[in-house]
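Below are the chains, spelled out letter by letter.
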Amino acid sequence: MCEAKGEQAAESAGVEDPRFWRDGGGCPPRAQAPGAEAQLPQGSAGPGLFVTAGAAGAAGAASGGTDSSVMARRALKLATLAAATSGIYLYGNKFLDPNDFGVVRVGRAIATTAVITYDYLTSLRSVPYGSEEYDFLKSQVHLRSAERLRELCCANRGTFIKVGQHLGALDYLLPEEYTRTLKVLHSQAPQSTRQEIEQVIREDLGKEIKELFLSFEDTPLGAASLAQVHKAVLQDGRTVAVKIQHPKVQAQSSKDILLMEVLLLVVKQIFPDFEFMWLVEEAKKNLPLELDFLNEGRNAEKVAHMLKNFDFLKVPRIYWELSTRRVLLMEFMEGGQVNDRAYMERNGINVNEISRNLGKLYSEMIFVNGFVHCDPHPGNVLVKKCPASGKAHIILLDHGLYQVLSDSFRMDYCCLWQALIKADMKRVQKYSRRLGAGDLYPLFACMLTARSWESVNRGIDRSPVSASEDVEIRSNAAAYLPQITQLLNNVPRQMLLLLKTNDLLRGIESALHTRASASSFLNMSRCCIRAVSTYQRSKSHSLYRRAQISLTEALSLWQINLYELFLWLKGSQLGNWVIALLSRMHHSTY
């Protein structure tokens, strides 16, 4: 086959020398239409309606003042047309309630899209493409556009904040101006009033708050885009976390998605080369699941059972008797956020152990089980030291968004990561193509690993990420928007949430200064070997073949254990003493 206080406090061919995000090496040839100039849009990369408009706008600006003026006028005309047609459609559709949507809400989104697009089209048109002045102005337009987008998300709330948070997590696919600006949305989610909370509980549970709880804290522990969490004490004395959905978000979510879809179609008319409809498709699929808290409870129980062998993992227990689609009662757990290194040091928690265990969890979910928690931002992953045992626990919260991986996808993904770790470029190309990357497999490899193509060729486990390489990856992401867009449209839909999850996990590792440690790759290798061997055994009907697969698996795992022991000895004082002794013995023989 193969060669809760955080959510309870806050809610990712033919290229002879394919180089991407250089680390002393060149860059890959940029994809372009036949006969086109070798010139790229300099907007942002990654999934985003307004980011799309911005990136495409930079491309228009680079092509000349006349074209930009024409496109700017066209943008304004289409924006006006979009306002009229979307307004007629939205308010004329019998399934939509205009009182919930509102002309202000629609107009705000349309106006923001038009202003961002116009800014990109006009601000860069008279500046020579590729010059220092161009790069400086482009960065300023990125920043202005990101701030406008953030203001729109905060004003329209709900689904807009959810999409903005998603974009803010894509550190290695979007320009830094966007990710840095949009990250604050995790701490700027709206809060429902006490009256709104009482209404939801009354409608769903049929009782008043005072009938259900001995105490109920008015101030939420944390508010997120879709819900907020309160600490409470049940009548029997149990302390619980009560997750309550914002009352209007259910009705507004489908209309928000529809509005985004309309605006995306308008942007596509202005910039035909950019395809971001997959963003709407993903939102249509995932938002209903995230808004069903019973589904979240089932996910929590499933992952707790699935990973029960990890004694360091804690998942809050669900109290089903007081849970509905909009209200979720769970065991109250608290701790420090997983990216808070200072908290860990104060409480005597081993940072490297936490990073290593987090890697184990996600390797097991992705490669072995194919059932992946896809929102591991720091507010959803807490750490706490158990006073009794002294062991550090990882608390996993917010189980609304999971990705289920098919066996065929999971096996190809396992084989691709094995090839990346071994720096086997032939197999990297083979399995990247099988996952839809095509000729852009070098870019795909760099997106998955967040490493330069030179580092990928050298072996991603051979050297840590340098500061200069990390800065280069972030700063050059915008230059590859057309290729990134093409890849995101071509890869299986299962890959999209994995890319977001990868970026979130890298952000945690970067904050803890543990990124790209050898142990994390060894754990990934173990999981890949186990996953592929288990799959091969399930497909084999020969007892001899199954025994052969098991023997190969055991030998491969033994090799990894031996290599891990070597690395431990090499880094330990005992290992240094043995190496010094052997060196002295070697010199004494001559």
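What counts as what
- Residues numbered from 1 in each chain as written.
- Predicted model: local features only at pLDDT ≥ 70, side-chain atom pairs only at ≥ 80, totals over all residues.
- Heavy atoms only, no water.
- Axes fitted to C-alpha atoms, helices over the stretch in contact; angles between N-to-C directions.
- Helix = DSSP H or I, 4+ residues; strand = E, 2+ residues; numbered from the N terminus.
- Parallel < 35°, antiparallel > 145°, perpendicular 65-115°, else oblique.
- Contact = heavy atoms within 4.5 Å.
- Nonpolar A, V, L, I, M, F, W, Y, C, P; charged D, E, K, R; others polar.
- Pairing = 2+ DSSP bridges.
- Core = buried A, V, L, I, M, F, W, Y, C linked by side-chain atoms within 4.5 Å.
- Buried < 20%, exposed > 50% of the residue type's maximum accessible area, 1.4 Å probe, protein only.
- Expected span 1.5 Å × (residues − 1).
- Polar contact = N/O pair within 3.5 Å; in protein donor to acceptor, adjacent residues only side chain to side chain.
- Phe/Tyr/Trp six-rings, centres within 6.5 Å; stacked < 30°, edge-to-face > 60°.
- Lys NZ or Arg CZ within 6 Å of the ring centre and 35° of its normal.

(A) Seen up close, the packing of helix 11 (residues 277-290) against helix 21 (residues 493-512). For the pair helix 11 and helix 21, the least separation of the axes is 11 Å and the interaxial angle reads 85°. Regarding the angle of helix 11 to helix 21, the classification is roughly perpendicular. Within the contact between the two elements, helix 11 uses W278, E281, E282 and N286 and helix 21 uses R493, L496 and L497. When the residues that make up the contact of helix 11 with helix 21 are grouped by side-chain class, the tally is three nonpolar, one polar and three charged.

(B) Here's a closer look at the pairing of strand 9 (residues 381-385). As defined by bridge partners, strand 7 (residues 336-337) adjoins strand 9 across two bridges and the pair is classed as antiparallel. Paired with G336 across the two strands is V383, which belongs to strand 9. Bridge analysis of strand 9 against strand 10 (residues 392-396) gives five bridges, and the strand direction is antiparallel. Bridge pairing links V383 to I394 in strand 10.

(C) Local environment of the nonpolar core. By size, the foremost hydrophobic cluster in this structure holds 88 residues, and its most contacted members are Y413, W417 and M495. If we ignore the near neighbours within four places in the chain, the residues touching M495 are F409, Y413, L435, F444 and L448. Grouped together as the second largest cluster of nonpolar side chains are 22 residues, Y120, L149, V163 and L182 included.

(D) Here's a closer look at the packing of helix 15 (residues 407-422) against helix 17 (residues 441-449). The contact between helix 15 and helix 17 brings their axes to 12 Å, and the two run at 90°. One way to sum up the angle between helix 15 and helix 17 is to call them roughly perpendicular. Judged by residue contacts, Y413, L416, W417 and L420 of helix 15 engage F444, A445, L448 and T449 from helix 17. Looking at the contact of helix 15 with helix 17 residue by residue, the classes come out as seven nonpolar, one polar and no charged.

(E) Spatial organisation of the sheet that holds strand 7. Pairing within the open sheet is mixed, and its four strands lie in the order 5-10-9-7. One side of each edge strand has no neighbouring strand; the edge strands of this open sheet are strand 5 (313-314) and strand 7.

(F) Broad picture of helix 12 (residues 293-306). Here helix 12 contains 14 residues, and its C-alpha end-to-end distance of 20 Å stays within 8% of the 20 Å for a straight helix at 1.5 Å per residue. Every buried residue of helix 12 is listed here: F293, N295, E296, G297, N299, A300, V303 and M306. For helix 12, the N-terminal cap is D292; the gap from its side-chain oxygen to the backbone nitrogen of L294 is 3.1 Å.

(G) Broad picture of the packing of aromatic side chains. If you walk through the whole model with that rule in mind, you get seven aromatic pairs. Aromatic pair Y441 and W453: ring centres 6.1 Å apart, planes at 70°, arrangement edge-to-face. Of this pair, Y441 sits in helix 17 while W453 sits in helix 18 (residues 453-458), and the two are twelve residues apart along the sequence. Comparing Y441 with W453, the two get one shared label, buried. In this structure an aromatic cluster arises from ring pairing among F367, F409 and Y413. Seen from the ring of F293, K243 lies directly overhead, with NZ or CZ sitting 5.0 Å from the centre.

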